[in-house]
Amino acid sequence: MDEGKYLGNVATGDGETKYNTDKRIQAIRESYYALQCFWSGEDVKLNIKVNTFTGMIYSTALSGMEAEVMGRQELITIDKEIIRLARKVLAGRACEKSNEGRTCKAWTNERVRKEMRIGTIGSELARRRVKWFKTMLANPDDNIMLRAALRGELHKEEGKELS
């Protein structure tokens, strides 16, 4: 891979995160539509599509977000896009057919998430952040500078320079 895309936080003068959210949604859509033929392929089993969606699209949505501070509305906006694309992957399966198959009642977002084996962006971020924090606590010597930044203090050991 010759290039990558930075999806992390970008500071704006007014402190808004809309730019970050828009950029992330654009990356999610690019990832999805790059595989358009795959999603529409009728010979591809649903479980393969679900695993690919989780690995490519859902992961793109979450990429680098562990350290970002996003508001509830931004997380909801990203969740809505994930659900919209997940429904496309399910291609007509995301509904309950009734009245001899002539009508279809759409599944709830929770049912779509269950079928796709994904959680909300907020819940997955919370899980990842706890995992990261546990790793940091389990390896305190590997995280001296970060712990100092979080606590607001930096201690110098006797006879050693800080680097």
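All of these numbers come straight from a predicted model, not from anything done at the bench.

Reading the values: rules and limits
- Residues numbered from 1 in each chain as written.
- Predicted model: local features only at pLDDT ≥ 70, side-chain atom pairs only at ≥ 80, totals over all residues.
- Heavy atoms only, no water.
- Helix = DSSP H or I, 4+ residues; strand = E, 2+ residues; numbered from the N terminus.
- Buried < 20%, exposed > 50% of the residue type's maximum accessible area, 1.4 Å probe, protein only.
- Areas by Shrake-Rupley, 256 points an atom, 1.4 Å probe, with all protein chains shown as cover.
- Salt bridge = Lys/Arg side-chain N within 4 Å of Asp/Glu carboxyl O.
- Expected span 1.5 Å × (residues − 1).
- Contact = heavy atoms within 4.5 Å.
- Core = buried A, V, L, I, M, F, W, Y, C linked by side-chain atoms within 4.5 Å.
- Axes fitted to C-alpha atoms, helices over the stretch in contact; angles between N-to-C directions.
- Parallel < 35°, antiparallel > 145°, perpendicular 65-115°, else oblique.
- Nonpolar A, V, L, I, M, F, W, Y, C, P; charged D, E, K, R; others polar.

*Asks:* Please clarify how the overall build of the protein should be interpreted in this entry.
*Replies:* Broken down by element type, the protein carries 7 helices and 2 strands. Across the protein, helices and strands are ordered from the amino to the carboxyl terminus as α-α-α-α-β-β-α-α-α. Within the protein, the proportion of its 163 residues that are buried is 31%. By element, 53% of the accessible surface of the protein is carried by carbon and sulfur atoms, the whole surface being about 11,100 Å².

*Asks:* What exactly am I supposed to notice about the pattern of salt bridges here?
*Replies:* Pairing between side chains of opposite charge can happen when their charged atoms approach one another. The tally for this structure, following the rule as stated, stands at 8 salt bridges. With a closest N to O distance of 2.6 Å, E81 and R84 form a salt bridge. With E81 and R84 both in helix α4 (residues 72-90) and 3 residues apart, the pair spans about one turn of that helix. Among the residues examined, E81 registers a relative accessible area of 6% and is labelled buried. With its nearest N and O atoms 2.6 Å apart, the salt bridge here joins R111 to E96. On the criterion of sequence distance, the pair formed by R111 in helix α5 (residues 109-116) and E96 in strand β1 (residues 95-98) is long-range, its members being 15 residues apart. Since its relative accessible area comes to 40%, E96 is described here as partly exposed. Through salt bridges with shared partners, a single ionic network connects E66, E124, R127 and R128.

*Asks:* Hey, could you run me through helix α6 (residues 121-138) in this one?
*Replies:* In an α-helix there are 3.6 residues to a turn, and that puts residues three or four apart on one side. When the terminal C-alpha atoms of α6 are compared, their 26 Å separation across 18 residues agrees well with the 26 Å that a helix rising 1.5 Å per residue should span. Those residues of α6 hidden inside the fold are in contact with α3 (46-62), α4 and α7 (144-151).

*Asks:* Sorry, what's going on with the nonpolar core here?
*Replies:* One recurring pattern in soluble globular proteins is that nonpolar side chains are buried together. By size, the foremost hydrophobic cluster in this structure holds 28 residues, and its most contacted members are F53, I57, I78, I82, V112, M116 and I121. Counting only elements with at least two residues in this core, the list comes to α1 (18-33), α3, α4, α5 and α6. Top element by residues in this core is α4. It accounts for 8 residues. When residues no more than four places from it in sequence are discounted, the contact partners of I57 are I28, S31, Y32, W39, T52, I82 and L85.

*Asks:* What is the right way to read the packing of α3 against α6 from this model?
*Replies:* The axes of two packed helices give the description: the angle between them and the distance between them. Following both chains from N to C, one finds α3 and α6 inclined at 75°, their axes separated by 10 Å at the closest point. The angle between α3 and α6 places the two elements in the roughly perpendicular class. Counted together, Y58, A61 and L62 of α3 and I121, E124, L125 and R128 of α6 form the full contact between these two elements. Considered class by class, the residues forming the contact of α3 with α6 number 5 nonpolar, no polar and 2 charged.

*Asks:* Explanation requested: α4 in the structure shown.
*Replies:* Its 19 residues give α4 an end-to-end C-alpha distance of 27 Å, which sits within 8% of 27 Å, the value for a rise of 1.5 Å per residue. Taken together, the buried positions of α4 are occupied by E74, L75, I78, D79, E81, I82, I83, L85, A86, V89 and L90. In the stretch just after α4, A91 is the one whose phi turns positive, near 40°.

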